[in-house]
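# Structural description and commentary
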Amino acid sequence: MIKEPIRTCIVCRVSRPKKDLMRLTRDEAGLRLDLTTKLSGRGAYVCYNPSCLKGLLRKGILGKSLRIEVDDKEIKEITANLIAQIDRRKDG
């Protein structure tokens, strides 16, 4: 039997199966939402829970996890993308 990969949300620190979390990555292009979970680069996982998305707005949590400087504009953009992804997940 194959074990399912477990990852931890960077905001609430709850461990969940990888498929139940969204992955954010840092690569040469910058900060991205990794829908395939296959992109190279340092990654961080966040729950589909709206309170966890709001938690991303707290200063430093995303930057510390990805080991980069993240400005407010980037955090707002990525949060908007995450919210859109949650909406698609609810509809589909």
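Calculation rules
Residues numbered from 1 in each chain as written. Predicted model: local features only at pLDDT ≥ 70, side-chain atom pairs only at ≥ 80, totals over all residues. Heavy atoms only, no water. Helix = DSSP H or I, 4+ residues; strand = E, 2+ residues; numbered from the N terminus. Contact = heavy atoms within 4.5 Å. Polar contact = N/O pair within 3.5 Å; in protein donor to acceptor, adjacent residues only side chain to side chain. Pairing = 2+ DSSP bridges. Axes fitted to C-alpha atoms, helices over the stretch in contact; angles between N-to-C directions.

### What about the environment of M22?
Within the fold, M22 resides in strand β3 (residues 21-27). Expressed as a C-alpha distance, the spacing of M22 and K38, which sit 16 residues apart in the sequence, is 12 Å. Leaving out residues up to four positions away in the same chain, M22 has contacts with L33, A44, Y45, V46, C47, Y48, L53, L82, Q85 and I86.

### What to know about the side chain of D27
Residue placement: D27 occurs in strand β3. Within the structure, D27 has its side chain in polar contact with the side chain of R32 (distance 2.8 Å). When sequence neighbours within four positions are dropped, the list of residues in contact with D27 reads R32 and S40.

### Brief notes about the sheet that holds strand β5 (residues 42-47)
Taken in spatial order, the three strands of this open sheet run β4-β3-β5, and their pairing is antiparallel. Since the sheet does not close on itself, it has two edges, and those belong to β4 (30-34) and β5, each with one partner. Neighbour-to-neighbour, the strand axes of this sheet turn through a mean angle of 25°, independent of strand direction.

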